[in-house]
Amino acid sequence: ATARFAARHPRSATRLREAQRAMPGGNTRSVLFYPPFPVVMARGDGCRLWDVDGHGYLDALGEFTAGLYGHSNPIIRGAIEAALRHGLSLSAHNEHEPLLALEVQRRFPSMELLRFTNSGTEANLLALAAAWVHTGRRRIMVFDGAYHGGVLSFTAAAMPLNVPHEFVRAPYNDLAAARALALGHADGLAAILVEPMQGSGGCIPGEPDFLHGLRALADDCGALLVFDEVMTSRLAFGGRQGALGITPDLTTLGKYFGGGLSFGAFGGRGDVMERFDPRRPDALAHAGTFNNNVLSMAAGYAGLARVLTADAISGLNLRGELLRERLNGLFARRGVALHCSGMGSLMNLHAVAGPVRTRADLQGEDARAKTLLFFELLERGVYIAHRGLMALSLPWGDSEVDELVSAVDAAVARHEAVLP
Ligand code: PMP
């Protein structure tokens, strides 16, 4: 399959060779690389992509969830074009940022006060800093398989380049273990940082009892509960916290919230966040040239206020549930050890029989089978992440679900004999 890929993508190969003259491996975003070389995309429209060799794809990756609106949504484009006409960087407060902040707060009432950043990574770093200052403690509980950004990574992937925090690592979806670990640290935790569904870790939903239990655990040990909803905010109008009725002390957001442009936000309890109020003599300084950049603020607000209604969110999640059911039905019928995990519009293909409740269920995953499926889908005009992540976008309709299921079925049929 990789030989056929190489033969069909000569321009992608050339582009990578050029890129390698200036960037290590020709890459500036590790997750996008796979051998023999990654596909180079030229343009997108709706939920379609075209690569530099002219092949078209159904976009089932949706920019690792930041592409929720699809490519070139006319409302978001209009907002960006209107903002552009007034100048890009105004060196000042602008009228877009409070609109977006209020809209975020309307959806996430636990965010009594919030601030913007450029990325989800930064949002998490600042939430942790806020927790240190508030509690006077340094230790942070995180979970195996978690991903909170390029410098806050606990997945099995390549060697992490983590900032030197004092982390305590607990197994995900194992409340008893988390409780034992937390209570074993006499000088206490500053925060428990958790994804309500592990995204990069393989779309593993946090079980409701586990997440409710972490709320109680944080209270018991005087730590702040930080929900990283960078990926999961799209799973309900008020994110997973809204759906579960859990009020975290702090929340971090990112991805599609900036309308497809760089974005991050952190916020929560007023008494924690007001330390950032610059009128205070002991204010925490949180600077960042692009924190309130006009384009992200304007695009983010237009998307939330005019596109991403509660109905749009639940419609897309229903479509995702249906797709996942059909894929798992197909795998069972064909008798192959493949499984699609996830919730709503977010999912991940795994080369294991499933179900996937913890990382232990991914042990012994057949990496070759997964790679084979990836290249087979590319050849059939379907683009997913090399690691199996899929994120639906709003332009998806019933026919896109059919298209993806047919492509997966054909790919599996071709290789039934070698699949686990
Ligand atoms: N948290 C989670 C749960 C994420 O999935 C990601 C990105 N994949 C981040 C944080 C980091 O966001 P960014 O890439 O914008 O820094």
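Residues numbered from 1 in each chain as written. Predicted model: local features only at pLDDT ≥ 70, side-chain atom pairs only at ≥ 80, totals over all residues.

## What about the packing of helix H6 (residues 175–183) against helix H7 (residues 208–220)?
At a minimum axis separation of 10 Å, H6 and H7 run at an interaxial angle of 15 degrees. As summarised for this structure, H6 and H7 are arranged roughly parallel, according to the angle between their axes. Like other packed secondary-structure pairs, H6 and H7 cross with a definite hand, here right-handed. Facing Leu175, Ala178, Arg179 and Ala182 of H6, the residues of H7 in contact are Asp209, Phe210, Gly213, Leu214 and Leu217. In terms of residue class, the contact of H6 with H7 is built from six nonpolar, one polar and two charged. (Axes fitted to C-alpha atoms, helices over the stretch in contact; angles between N-to-C directions. Helix = DSSP H or I, 4+ residues; strand = E, 2+ residues; numbered from the N terminus. Parallel < 35°, antiparallel > 145°, perpendicular 65-115°, else oblique. Left-handed = near helix turned anticlockwise from the far one by under 90°. Contact = placed C-beta atoms within 7 Å. Nonpolar A, V, L, I, M, F, W, Y, C, P; charged D, E, K, R; others polar.)

## Overview of the nonpolar core
In this structure, Ala191, Ile192, Leu224, Val226 and Ile384 are the most contacted members of the largest nonpolar core, which totals 116 residues. Shared between two domains, this core takes at least three residues from each, and those domains are domain 1 (2–71 + 311–415) and domain 2 (74–306). The contacts of Ala191, once residues within four sequence positions are left out, are Leu128, Ala131, Ile140, Ala223, Leu224 and Val226. (Core = buried A, V, L, I, M, F, W, Y, C linked by C-beta atoms within 7 Å. Buried ≥ 20, exposed ≤ 12 C-beta atoms within 10 Å, placed from the backbone. Domains from an automatic or database assignment.)

## Structural notes on the sheet that holds strand E2 (residues 48–51)
Ordered by their spatial adjacency, four strands build an open sheet running E1-E2-E3-E15, and the pairing between neighbours is mixed. In the strand order of this sheet, the two ends are held by strand E1 (41–45) and strand E15 (382–383), each with one partner. Here four bridges tie E1 to E2, and the two strands are oriented antiparallel to one another. By the bridge assignment for E2, Met41 is matched with Asp51. (Pairing = 2+ DSSP bridges.)

## Some points on the site of the ligand
In the region of the ligand, 16 residues are neighbours, and Ser119, Gly120, Thr121, Gly149 and Val230 sit closest. The element best represented in the shell around the ligand is helix H5 (residues 120–135), accounting for three residues. Of the residues in the shell around the ligand, the class split is four nonpolar, ten polar and two charged. (Near = placed C-beta within 6 Å.)

## Details of helix H11 (residues 310–334)
With 25 residues, H11 extends 36 Å from end C-alpha to end C-alpha; this agrees with the ideal 36 Å at 1.5 Å per step. Buried within H11 we find Ile313, Leu316, Gly320, Leu323, Arg324, Leu327 and Phe331. For H11, the secondary structure elements touched by its buried residues are strand E13 (339–343), strand E14 (346–350) and helix H13 (398–415). Directly beyond the C-terminal end of H11, a positive phi value near 70 degrees is found at Gly335. (Expected span 1.5 Å × (residues − 1).)

## Describing the domain arrangement of the protein
The domain architecture assigned to the protein consists of domain 1 (2–71 + 311–415) and domain 2 (74–306). Computed from C-alpha coordinates alone, the two centres of domain 1 and domain 2 are separated by 26 Å. Taken together, the contact pairs 23 residues of domain 1 with 24 residues of domain 2. Of all the secondary structure elements, the ones that give two or more residues to the side of domain 1 that touches domain 2 are H11, E13 and E14. It is E14 that contributes the most residues to the side of domain 1 that touches domain 2, four residues altogether. Of the residues belonging to the side of domain 1 that touches domain 2, the class tally is ten nonpolar, eleven polar and two charged.

## Observations regarding helix H4 (residues 96–107)
Over its twelve residues, H4 runs 17 Å from end to end, which matches the ideal 16 Å to within 8%, given 1.5 Å per residue. Buried residues of H4: His96, Glu97, Leu100, Ala101 and Val104, and no others. Viewed end-on, H4 has its buried residues packed into an arc of 125 degrees, placing them on one side of the element. Summarising the contacts, the buried residues of H4 are in contact with strand E4 (113–117), strand E11 (250–254), strand E12 (264–268) and helix H10 (294–306). (Arc of directions from axis to C-beta.)

## Focus on the environment of Ile313
Residue placement: Ile313 occurs in helix H11. Ile313 sits 189 residues away from Asn124 along the chain, and the two C-alpha atoms are 24 Å apart. In contact with Ile313, not counting residues within four places along its chain, are Arg234, Ala236, Phe237 and Leu308.

## Looking at the sheet that holds E13
The strands making up a sheet associate through hydrogen bonds between their backbones, and the pairing can be parallel or antiparallel. The strand order across the open sheet formed by three strands is E13-E14-E16, and the pairing between neighbours is antiparallel. A single partner strand is all that each edge strand has here, and the edge strands are E13 and strand E16 (389–391). Taking each pair of neighbouring strands and ignoring which way they run, the sheet shows an average axis angle of 25 degrees. As paired elements, E14 and E16 share three bridges and run antiparallel to each other. Of the residues in E16, the one forming a bridge with Met347 is Met390. Across the sheet, H11 is in contact with E13 and E14; its angle to E13 comes to roughly 160 degrees.

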